[in-house]
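# Observations on the three-dimensional arrangement
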Amino acid sequence: IQLTLSDILKLSKLHTRDTDSALFSNTMCTIYLNEGIDRMRQYKPLFGMKHLVNQDDVPIILPDSWHYLLALWVSSRCFDFDERFYEATEKRDEFENAFAQFRADVECGTITLVDGDGNPIDLSTDGDCIIDHVKDVYFKNYERDEDVIEVL
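Below is a short write-up of the structure. (Residues numbered from 1 in each chain as written. Predicted model: local features only at pLDDT ≥ 70, side-chain atom pairs only at ≥ 80, totals over all residues. Heavy atoms only, no water.)

### Looking at the nonpolar core
Where we set the bar: We define a nonpolar core as any set of buried Ala, Val, Leu, Ile, Met, Phe, Trp, Tyr and Cys residues linked to one another through side-chain atoms lying within 4.5 Å. Think of it in three bands: with a 1.4 Å probe and only protein chains considered, a residue is buried below 20% of the maximum accessible area for its type, exposed above 50%, and partly exposed in between. A helix here means a DSSP run of H or I that spans at least four residues, while a strand means a run of E at least two residues long, and both kinds are numbered starting from the N terminus. Between two residues, a contact is recorded if the distance between any of their heavy atoms is within 4.5 Å.
One finds Leu33, Met40, Leu46, Leu69, Phe99 and Phe102 to be the most contacted residues of the largest nonpolar core, which totals 33 residues. For this core, the secondary-structure elements that each account for two or more residues are helix H1 (5-16), helix H2 (26-40), helix H3 (68-81) and helix H4 (85-107). The element that contributes the greatest number of residues to this core is H3, accounting for seven residues. Beyond its immediate sequence surroundings of up to four residues, Phe102 is in contact with Tyr43, Leu46, Leu62, Pro63, Trp66, Ile111 and Leu113.

### With respect to the side chain of Asp105
The test is simple: Residues counted as positive are Lys and Arg, residues counted as negative are Asp and Glu, and His and the chain ends are not counted. Any carboxyl oxygen of Asp or Glu within 4 Å of a side-chain nitrogen of Lys or Arg constitutes a salt bridge here.
Along the polypeptide, Asp105 turns up in helix H4. Here Asp105 sits buried without a salt bridge, and the closest side chain of opposite charge, Arg103, lies 11 Å off (N-O distance). Contact partners of Asp105, with chain neighbours within four places excluded, come to Trp66, Thr110 and Ile111.

### Considerations on unusual backbone geometry
A positive phi angle, near 55°, is found at Ser21, a position not held by glycine. Tracing the backbone shows Ser21 in the loop between H1 and H2.

Pasting the structure below:
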């Protein structure tokens, strides 16, 4: 299910136990959410993600089942703001571990990313993708002649 900006903010408020917005305003949480998008854009396949502005905006490129990552980021930043550093660290670790799993799933082909128009994103030119082969650079083109190694 797709989460809108409004849904992500509500989920963030649940994580922080601030369902009545007494501690964290929606404006502040939206700023943190867009900061989280900027953090995720550091991963090259997600570079095209756009900031969410309107309450019904939905994150693009990021698959629906991973939208909750943004709520983890927001709640972590809110806890930081409230000087609840242990809880902030817990949420940040949860975010980073889940985001690492997301990147691994993308790189091994388990998840196919699509842009805002529904077109698959080509990962073949991305420098962050895993190369599936190993080259024998140590022994293939070299021959040992006593104590001297010469290139063939």
